[in-house]
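Overview (structure and organization)
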Amino acid sequence: VGRCVSGAAELDGQGPGDLLLGLKTPAGVDRVLALDTTAALQAQPQLLARGNLQPGLPLTLHVSGGPPHAMAVLVIGASAQDLPLFGGIVVPTAERLLLGLTTDTAGQLDLTITWPTGPASLAPLVLQAWMTSADAASGFEATNAVALTP
């Protein structure tokens, strides 16, 4: 479609920034598009983590906005790598995979894990969920990544 320049701004007073796209159409006409990022974020599966990052204490992970009854995997790493995969980005270094997870009828997944003890309790973790999806061109959808640093 031509060159594209983007930037964030708050245009409508309704929360996170809006995205401005400047482009030139194939016919040579300059256009500026304003997109509401709130709607875009709500359309993507979201991963939230809640808890106290202290050794032996529970940490609750919640996925929302995923496909219903989808097979899921939690990708766990000590840092971010941003590796392209299936039209998305695998953010964690994928040192551990928690397999055998499934979203419920509403496309949600709740999981409680225990924060590690010993030297591992001081290490940061980066988490991201990936799910199968009949609606995605690649057959997979991913949540945002969550970085946890004790």
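For the structure, check the block above.
Each chain carries its own residue numbering, running from 1 in the written order of its sequence. At least 70 in pLDDT is required for a residue's local features to be given in this predicted model, at least 80 for side-chain atom pairs to be given and counted, and no such filter applies to totals for whole chains, interfaces and linings, which use all residues. Values shown for side chains rest on all heavy atoms present in the structure; no hydrogens or waters enter the calculation.

1. What about the overall build of the protein?
For clarity, the cut-off: Helix numbering and strand numbering both begin at the N terminus, where a helix is a DSSP run of H or I of at least 4 residues and a strand a DSSP run of E of at least 2. Accessibility here uses a 1.4 Å probe with only protein chains present; expressed as a share of the type maximum, an area under 20% marks a residue as buried, one over 50% as exposed, and anything in between as partly exposed. Note on definitions: a residue-residue contact is assigned when non-hydrogen atoms from the two residues lie within 4.5 Å. Methods summary: accessible areas were calculated by the Shrake-Rupley approach with a probe of 1.4 Å, and residue burial reflects only the protein chains presented.
Counting its secondary structure elements, the protein contains one helix and 13 strands. Mapped in sequence order, the helices and strands of the protein form the string β-β-β-α-β-β-β-β-β-β-β-β-β-β. Within the protein, the fraction of its 150 residues that count as buried is 28%. Taking the intrachain contacts of the protein between residues at least 6 apart in sequence as the baseline, contacts between residues at least 24 apart amount to 50%. Carbon and sulfur atoms make up 61% of the accessible area of the protein, which amounts to about 8900 Å² in all.

2. Concerning the environment of A106
Here A106 lies in the loop between strand 9 (96-102) and strand 10 (109-114). When the C-alpha atoms of A106 and P68 are compared, they prove to be 5.5 Å apart, with 38 residues separating the residues in sequence.

3. Considerations on the side chain of T143
Turning to its location among the elements, T143 is positioned in the loop between strand 12 (140-142) and strand 13 (146-148). The class for T143 is buried, based on a relative accessible area of 5%. If sequence neighbours within four positions are ignored, T143 has contacts with P45, Q46, L47, V63, Q128, A129 and M131.

4. Focus: the sheet that holds strand 5 (residues 58-64)
Which entries qualify depends on this criterion: Pairing between strands is defined by DSSP: at least two bridges between the two strands are required. To obtain an axis, a line is fitted to C-alpha atoms, over the contacting stretch when the element is a helix, and the angle between two such axes runs from 0 to 180 degrees between their N-to-C directions.
With antiparallel pairing, the three strands of this open sheet are ordered in space as 4-5-10. In this open sheet, the two edge strands, each paired with only one partner strand, are strand 4 (46-51) and strand 10. This sheet shows a mean twist of 20 degrees between the axes of neighbouring strands, independent of strand direction. Summarising the sheet, strand 4 and strand 5 pair through six bridges and their orientation is antiparallel. Each residue of the ladder has a partner; that of A49, found in strand 5, is L61.

5. Some remarks on the nonpolar core
This is how it is decided: Put simply, buried Ala, Val, Leu, Ile, Met, Phe, Trp, Tyr and Cys residues joined by side-chain atoms within 4.5 Å make one nonpolar core.
In terms of nonpolar packing, the biggest core is built from 19 residues, with L61, L74, L127 and L148 touching the most fellow members. Breaking this core down by element, the ones donating at least two residues are strand 5, strand 6 (71-77), strand 10, strand 11 (125-132) and strand 13. In terms of residues, this core owes the most to one element, strand 11, which gives four residues. The contacts of L61, once residues within four sequence positions are left out, are L47, L48, A49, L74, L109, D110, L111, I113 and L127.

6. With respect to the environment of M131
Its location among the elements puts M131 in strand 11. Separated by 11 residues in the primary sequence, M131 and A142 place their C-alpha atoms 6.2 Å from one another. Other than its neighbours up to four places away in sequence, M131 contacts P45, V63, G66, P67, A70, M71, A72, T103, G139, F140, E141 and T143.

The values are spatial; any link to function lies outside them.
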